[in-house]
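Spelled out, the chains give:
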Amino acid sequence: MKNRSLDIDGLASFYNDYEVIKFDDPNELKSKATILKDQMEELVNFVLPCLVKLAENNETMPVGMLLASLVSENRVSEEKFIEVQMNLKAMKELDALLGFDKKISGILNALV
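Residues numbered from 1 in each chain as written. Predicted model: local features only at pLDDT ≥ 70, side-chain atom pairs only at ≥ 80, totals over all residues. Heavy atoms only, no water.

## As for helix H3 (residues 33–57)
Next, step 1: Taking 1.5 Å per residue as the helical rise, H3 with its 25 residues ought to reach 36 Å, and the 35 Å between its terminal C-alpha atoms agrees with that figure.
Next, step 2: A maximum bend of about 40° is found in H3 at Leu 43.
Next, step 3: If you check which residues of H3 are buried, you get Leu 36, Gln 39, Met 40, Glu 42, Leu 43, Val 44, Phe 46, Val 47, Cys 50, Leu 51 and Leu 54.
Next, step 4: Elements in contact with the buried residues of H3: helix H1 (8–17), helix H2 (26–31), helix H4 (63–72), helix H5 (78–98) and helix H6 (102–111). (Helix = DSSP H or I, 4+ residues; strand = E, 2+ residues; numbered from the N terminus. Expected span 1.5 Å × (residues − 1). Bend = angle between axes of the 7 residues up to and from the residue. Buried < 20%, exposed > 50% of the residue type's maximum accessible area, 1.4 Å probe, protein only. Contact = heavy atoms within 4.5 Å.)

## Describing the pattern of salt bridges
Next, step 1: Scanning the entire structure with this criterion turns up eight salt bridges.
Next, step 2: We note a salt bridge from Asp 17 to Arg 4, for which the minimum N-O separation is 3.0 Å. Here the residue Asp 17 occupies a position in helix H1, and Arg 4 occupies one in the segment before H1, the gap between them amounting to 13 residues.
Next, step 3: On the basis of relative accessible area, Arg 4 is assigned to the buried category, the value being 12%. (Salt bridge = Lys/Arg side-chain N within 4 Å of Asp/Glu carboxyl O.)

## Remarks on the packing of aromatic side chains
Next, step 1: Within the structure shown, the criterion is met by three aromatic pairs.
Next, step 2: A ring pair is formed by Phe 14 and Tyr 15, whose centres lie 5.8 Å apart and whose planes are at 85°; its orientation type is edge-to-face.
Next, step 3: Taking the centre distance of 5.4 Å and the plane angle of 20° together, the rings of Tyr 15 and Phe 81 count as stacked. On the criterion of sequence distance, the pair formed by Tyr 15 in helix H1 and Phe 81 in helix H5 is long-range, its members being 66 residues apart. When sorted by exposure, Tyr 15 lands in the same class as Phe 81, which is buried.
Next, step 4: Aromatic rings pair up to connect Phe 14, Tyr 15, Tyr 18 and Phe 81 into one cluster. (Phe/Tyr/Trp six-rings, centres within 6.5 Å; stacked < 30°, edge-to-face > 60°.)

## Comments concerning the side chain of Asp 95
Next, step 1: Structurally, Asp 95 is set in helix H5.
Next, step 2: For the buried Asp 95, which has no salt bridge, the nearest side chain bearing the opposite charge is Lys 92, at an N-O separation of 7.8 Å.
Next, step 3: Here the side chain of Asp 95 touches Phe 100 through a polar contact of 2.7 Å, landing on its backbone nitrogen.
Next, step 4: Setting aside its immediate chain neighbours within four residues, Asp 95 contacts Phe 100, Ser 105 and Leu 108. (Lys, Arg positive; Asp, Glu negative; His and termini not counted. Polar contact = N/O pair within 3.5 Å; in protein donor to acceptor, adjacent residues only side chain to side chain.)

## Some points on the environment of Met 91
Next, step 1: Relative to the helices and strands, Met 91 is located in helix H5.
Next, step 2: Residues Met 91 and Ile 35, 56 residues apart in the sequence, show an inter-C-alpha distance of 13 Å.
Next, step 3: If we skip the residues at most four places from it in the chain, Met 91 touches Tyr 18, Phe 23, Leu 36, Met 40, Leu 43, Phe 100 and Leu 108.

## A look at the layout of surface pockets
Next, step 1: The computed volume of the largest pocket comes to approximately 190 Å³.
Next, step 2: Taken together, eleven residues form the lining of the largest pocket, with Lys 2, Arg 4, Asp 38, Gln 39 and Glu 42 sitting closest to its centre.
Next, step 3: Breaking the lining of the largest pocket down by element, the ones donating at least two residues are H1 and H3.
Next, step 4: Sorting elements by how many residues they give to the lining of the largest pocket places H3 first, with four residues.
Next, step 5: Across the lining of the largest pocket, the residue classes tally to four nonpolar, one polar and six charged. (1 Å grid on protein atoms, 1.4 Å probe; cavity = no way out; pocket = protein on both sides within 12 Å on 5 of 7 lines; lining within 4 Å. Points joined across faces, edges and corners; volume = space filled by probe spheres on them. Nonpolar A, V, L, I, M, F, W, Y, C, P; charged D, E, K, R; others polar.)

Laid out in structure tokens, this is it:
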């Protein structure tokens, strides 16, 4: 896991560095198993605490608005943001089928 700051810049870094995985392609899923594992760990061990820390300063701001600010403040391109969100949505659908850890399920529900 990369050492990122628990702020909006760290969250933007996660989005910018996120590697999209085609979950419907068994060969890609197998070849990127380590990346998937790392990104899932980062969702729990970085993104979740980061969102909690950001919420301390913006208690009334919904997560969706916070995430949208990544694009509106030019920290993440709109294309990359949509790409990551769609991939996280696909991961969430896998979670519904396979039953991931509750922490992963929770952060996926918060993000998409």
